[in-house]
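Okay, here's what each chain looks like letter by letter:
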Amino acid sequence: MRRKLRMGMVGGGPGAFIGEVHRIAARLDGKTELVCGVFSTDPEKNRSMAEKLFLPEEKCYPDYETMFCEESRLPEGERMDFVAVTTPNVTHFKIASEALKHGFHVICEKPMTWNLEEALRLRDLVRESGLIFALMHNYSAYPMIRQMRRMIEDGKIGNLRKIVASYDLGWLAAPNAGKQASWRINPQFSGIAACVGDIGTHAEHLIEFATGLEITEISADLSTFVEGRVLDDDATILLRFNNGARGVIEVSEVASGEENQFKLRIYGSDGCLEWSQQTPEDLVWKRNDAAMKILRRGWAEMDDSVKALCRLPAGHPEGFIEAFANIYNEFADALAAHIAGKEYHGDFPSVEAGVRGMNFIETVVRSSMNHSQWQKFEKL
């Protein structure tokens with residue numbers, strides 16, 4: 001296919017954080033161009049964002065239903081190929097399902113839906129449509145996370161025994177944390193969890209992605225520290241895995257002073273691998289019988305599949321946006337292959353990861369409501 005993929009967007013209007021990250025990431029490798037969108041339910045804000053993005057007036061649609069209907073009438077190569085959904089959780093299912101019904105592929109922010117029931121219905125729609133669906137768990141696309149996964153697969157740290165993930169932010173420590181926080185702590189928009197849905201799902205997905213293990217049981221303790229909130233802003237979650245390993249997820253959005261401190265430590269019988277999102281170029285390798293090593297992105301012995309995710313040589317830091325871009329790049333390759341009638345299997349998180357994430361949220365909440373009683377984490 002000798003053309004750029006054509007992207008539509010729902011969400012990401014003035015003042016939105018994650019929508020702009022999606023737009024930057026999508027165009028980073030030159031495979032995708034934004035051609036239309038619905039950026040806000042406020043008509044003036046919608047038009048303002050379209051103008052800022054240099055979109056023609058007719059490509060700024062009043063709502064996503066109109067956009068999908070009008071775009072689907074255009075011939076291939078003129079209509080959008082896929083839509084990026086960057087709205088609050090409560091609208092994900094409605095937008096994604098409507099896109100699939102009109103024949104458009106989807107890349108969606110996490111968590112995938114408002115509840116598990118919607119996630120299962122969306123999975124059915126994706127399967128029935130044969131279209132490509134990607135979920136934006138960007139942390140899984142950092143090069144050194146992929147290197148971590150490959151080293152675990154190769155047995156570099158032996159049999160896995162203990163997994164510890166911590167994700168701490170301080171942005172919700174105050175009662176009024178601003179526009180970006182307001183919908184995340186409102187159950188009408190975010191669902192039954194706030195902190196666990198926002199960042200806990202990142203930890204759950206990254207653990208299973210990096211280790212290849214499956215969480216089988218969960219014991220959770222959710223807390224709400226800021227007076228007046230009804231959803232969690234802090235959580236501690238104990239884990240049991242299908243190989244007998246144990247783990248813990250500690251997440252907080254009221255950890256005053258923390259910026260975006262996401263860490264993953266994986267302990268095996270022969271060593272430990274450790275990664276931190278705030279120093280993402282480094283993968284720490286520890287053993288009892290050798291000095292600690294810090295493997296750097298650009299390291300000569302990196303697996304070739306990991307090198308393919310790197311745009312710059314060592315010493316030229318890559319980070320958050322590049323990880324988003326790696327998801328978009330893999331999604332674009334899969335979509336181009338689909339259009340050409342070819343097989344392609346990317347490493348980007350799929351609708352299955354979305355179902356897993358929603359099931360994780362509901363299992364965690366159920367455990368916490370039952371005084372941290374252990375709950376089976378079923379594979380649906």
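So, a few notes on the structure that sits alongside this text. (Residues numbered from 1 in each chain as written. Predicted model: local features only at pLDDT ≥ 70, side-chain atom pairs only at ≥ 80, totals over all residues. Heavy atoms only, no water.)

Over the atoms, a rolled probe matching the size of one water molecule traces out where space is still vacant. Roughly 1200 Å³ of internal volume is contained in the largest pocket. Volume-wise, the second largest pocket comes out at about 490 Å³. Taken together, 22 residues line the second largest pocket, and the ones lying closest to its centre are Glu208, Glu352, Ala353, Arg356 and Lys379. Elements that contribute at least two residues to the lining of the second largest pocket include exactly α9 (195–211) and α12 (351–369). (1 Å grid on protein atoms, 1.4 Å probe; cavity = no way out; pocket = protein on both sides within 12 Å on 5 of 7 lines; lining within 4 Å. Points joined across faces, edges and corners; volume = space filled by probe spheres on them. Helix = DSSP H or I, 4+ residues; strand = E, 2+ residues; numbered from the N terminus.)

This part is about the environment of Trp299. When you line up the elements, Trp299 lands in the loop between β13 (293–296) and α10 (304–307). Separated by 209 residues in sequence, Trp299 and Val90 have C-alpha atoms that sit 42 Å apart. When sequence neighbours within four positions are dropped, the list of residues in contact with Trp299 reads Gln147 and Lys307. (Contact = heavy atoms within 4.5 Å.)

Applying the stated criterion across every chain, the model contains three cavities of 30 Å³ or more. Looking at the largest cavity, its volume works out to about 50 Å³. Around the largest cavity, the lining residues are Ala25, Ala26, Asp29, Lys31, Thr32, Ala325, Tyr328, Asn329 and Ala332. Of all elements in the fold, only α1 (18–27) and α11 (320–339) reach the threshold of two or more residues within the lining of the largest cavity. In terms of residues, the lining of the largest cavity owes the most to one element, α11, which gives four residues. Residue composition of the lining of the largest cavity, grouped by class: five nonpolar, two polar and two charged. (Nonpolar A, V, L, I, M, F, W, Y, C, P; charged D, E, K, R; others polar.)

With that settled, the discussion passes to the packing of helix α4 (residues 89–101) against helix α5 (residues 116–129). Where α4 contacts α5, the two axes come as close as 10 Å, and the packing angle between them is 15°. Taken together, the axes of α4 and α5 lie roughly parallel to each other. Considering how the two elements wind past one another, α4 and α5 form a crossing that is left-handed. Residues Phe93, Ala96, Ser97 and Leu100 of α4 pack against Glu118, Arg121, Leu122, Leu125, Val126 and Ser129 of α5. Residue classes in the contact of α4 with α5 are distributed as six nonpolar, two polar and two charged. (Axes fitted to C-alpha atoms, helices over the stretch in contact; angles between N-to-C directions. Parallel < 35°, antiparallel > 145°, perpendicular 65-115°, else oblique. Left-handed = near helix turned anticlockwise from the far one by under 90°.)

Looking now at helix α6 (residues 143–153). Burial analysis of α6 places nine of its eleven residues in the buried class, which makes it a mostly covered element. Of the positions making up α6, those classed as buried are Pro143, Met144, Ile145, Arg146, Gln147, Met148, Arg149, Met151 and Ile152. Among the residues trailing α6, Gly155 stands out with phi positive, at a value near 75°. (Buried < 20%, exposed > 50% of the residue type's maximum accessible area, 1.4 Å probe, protein only.)

Taking 1.5 Å per residue as the helical rise, α9 with its 17 residues ought to reach 24 Å, and the 23 Å between its terminal C-alpha atoms agrees with that figure. Along α9, the helix axis deviates most sharply at Thr201, where the bend reaches about 30°. (Expected span 1.5 Å × (residues − 1). Bend = angle between axes of the 7 residues up to and from the residue.)

The next point concerns the pairing of strand β3 (residues 82–86). With five of five residues buried, β3 lies mostly within the body of the structure. Burial along β3 is two-sided: the face carrying Phe82, Ala84 and Thr86 and the face carrying Val83 and Val85 are both buried. Bridge count for strand β1 (residues 5–11) against β3 is five bridges, and the pairing is parallel. The residue bridging Met9 from the neighbouring strand is Ala84, located in β3. Judged from the four bridges that link them, β3 and strand β4 (residues 105–108) form a sheet pairing that is parallel. Residue pairing across strands places Ala84 opposite Ile107, the latter belonging to β4. The β-α-β motif built from β3, the intervening α4 and the parallel element β4 has right-handed crossover chirality. (Pairing = 2+ DSSP bridges. Right-handed = clockwise from strand over helix to strand, strands pointing away.)

Judged by pairing direction, the sheet is mixed, and its nine strands sit side by side in the order β13-β12-β11-β10-β6-β9-β8-β7-β14 without closing on themselves. The open sheet has two edge strands with one neighbour each: β13 and β14 (375–376). Relative to β14, strand β7 (residues 215–223) runs antiparallel, the two sharing two bridges. Considered in β14, the bridge of Ile218 is made with Gln375. Those strands touched by α12 are β7, β8 (234–241), β9 (246–252) and β14, and its axis lies near 55° from that of β7.

Turning our attention to the packing of aromatic side chains. Enumeration according to the criterion identifies 15 aromatic pairs in this entry. Ring plane angle 55° and centroid distance 5.0 Å describe the contact between Phe320 and Phe324, whose orientation is recorded as tilted. Here the residue Phe320 and the residue Phe324 both occupy positions in helix α11, the gap between them amounting to four residues, near one helical turn. The exposure class assigned to Phe320 is partly exposed, which follows from its relative accessible area of 23%. Overall, the relative accessible area of 2% leaves Phe324 in the buried class. Seen from their ring centres, Phe331 and Phe348 are 6.1 Å apart, and the 75° between their planes marks the pair as edge-to-face. (Phe/Tyr/Trp six-rings, centres within 6.5 Å; stacked < 30°, edge-to-face > 60°.)

What follows is about unusual backbone geometry. Lys110 connects to Pro111 through a cis peptide bond whose omega is -10°. Tracing the backbone through its elements, the reader meets Pro111 in the loop between β4 and α5. The phi torsion at His371 lies on the positive side, around 60°, for a residue other than glycine. Its place among the elements puts His371 in the loop between α12 and β14. Assessed through its relative accessible area of 76%, His371 is described here as exposed. Backbone geometry at Ser372 places phi at a positive 65°, although glycine is not the residue there. When you line up the elements, Ser372 lands in the loop between α12 and β14.

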